[in-house]
Amino acid sequence: MIIRHATSADLDSVTLIEASSFNELEAAKKEEIKDRIELDGSFFWLLDDNGEITAFIQGFPTKEENLTDDMFHTPEKFDKNGGWLMLLSVAAHPLHRGRGFASKVMRRVIADCREQGRKGIVLTCKERLIPFYQRFGFENEGKSASEHGGAVWYQMRLTF
């Protein structure tokens, strides 16, 4: 298993995992994922097991300090030199959940962001996932203003 960055050849696999991890209103559409890869695939971390993507994390750097709903649909706030990495998707293939694959990718994302000199990482999650992110040092900042997909989200922040 290796962790690598996404290319256009990964579009179908990533789209499948995204659609199986989030409901229809929350999941990024294939065209949005394509645009994110084309913008900068280095902000897609994939766990590749002999050609099969088992988990991935996708985000983008920005100068903004909070994750907002518009970030899920438009790259306008993308800034390669931004201090904060906003995570838009943390997902594992349904056949590979519960095996620590997303955790392995998260540790790599955190290490890469530290190495890049970022201020930290921000994400939103559902209440049931708060303990998962707290294991990595993320702090719960409470309910997010996000209404993405009609769900209740909590903003989590890992500050370096």
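The rules behind the values
- Residues numbered from 1 in each chain as written.
- Predicted model: local features only at pLDDT ≥ 70, side-chain atom pairs only at ≥ 80, totals over all residues.
- Heavy atoms only, no water.
- Pairing = 2+ DSSP bridges.
- Helix = DSSP H or I, 4+ residues; strand = E, 2+ residues; numbered from the N terminus.
- Axes fitted to C-alpha atoms, helices over the stretch in contact; angles between N-to-C directions.
- Contact = heavy atoms within 4.5 Å.
- Salt bridge = Lys/Arg side-chain N within 4 Å of Asp/Glu carboxyl O.
- Phe/Tyr/Trp six-rings, centres within 6.5 Å; stacked < 30°, edge-to-face > 60°.
- Buried < 20%, exposed > 50% of the residue type's maximum accessible area, 1.4 Å probe, protein only.

With that settled, consider the sheet that holds strand S2 (residues 44-49). Within a sheet, each strand pairs with its neighbour through backbone hydrogen bonds, oriented either parallel or antiparallel. If you walk across this open sheet you meet the seven strands as S1-S2-S3-S4-S5-S7-S6, and the pairing is mixed. Either end of the sheet is taken by a strand with one partner, and the two such strands are strand S1 (2-5) and strand S6 (139-143). Adjacent strand axes in the sheet meet at a mean angle of 25 degrees when their direction is disregarded. Docked against the sheet, helix H3 (residues 101-115) engages S1, S2, strand S3 (52-62), strand S4 (84-92), strand S5 (120-125) and strand S7 (154-159), running at close to 30 degrees with respect to S3.

Here we come to the side chain of Asp112. With respect to the secondary-structure elements, Asp112 resides in helix H3. Leave out the neighbours within four places in its chain, and Asp112 touches His5 and Trp45.

All told, the structure shown has ten salt bridges when counted by the stated rule. Taking the shortest distance from any N to any O, the salt bridge between Lys80 and Asp40 comes out at 2.8 Å. With a gap of 40 residues between them, Lys80 in the loop between S3 and S4 and Asp40 in helix H2 (residues 30-40) connect regions that are remote in the sequence. A network of salt bridges, in which partner residues are shared, links Arg4, Asp10 and Asp48.

This part is about the packing of aromatic side chains. Each aromatic ring pair is characterised by the separation of its centres together with the angle its planes make. Taken as a whole and judged by the stated rule, the model has seven aromatic pairs. Where Phe43 meets Trp45, the ring centres are 6.2 Å apart and the plane angle is 70 degrees; that geometry is what we call edge-to-face. When sorted by exposure, Phe43 lands in the same class as Trp45, which is buried. Centre to centre, the rings of Phe132 and Tyr133 are 4.9 Å apart; their planes meet at 80 degrees, and the pair counts as edge-to-face. Here the aromatic residues Phe43, Trp45, Phe60 and Phe78 are joined through ring pairs into a cluster of three or more.

Moving on: the environment of Ser20. Turning to its location among the elements, Ser20 is positioned in helix H1 (residues 11-21). Note: C-alpha distance between Ser20 and Lys119 (99 residues apart in sequence) is 31 Å. Sequence-distant contacts of Ser20, defined by excluding residues within four places in its chain, comprise Pro94 and Arg97.

Buried residues dominate S7, accounting for five of its six residues. Where S5 lies against S7, six bridges are found, and the strand directions are antiparallel. Within S7, the residue paired with Gly120 across the bridge is Thr159. Alignment of S6 against S7, held across three bridges, turns out to be antiparallel.

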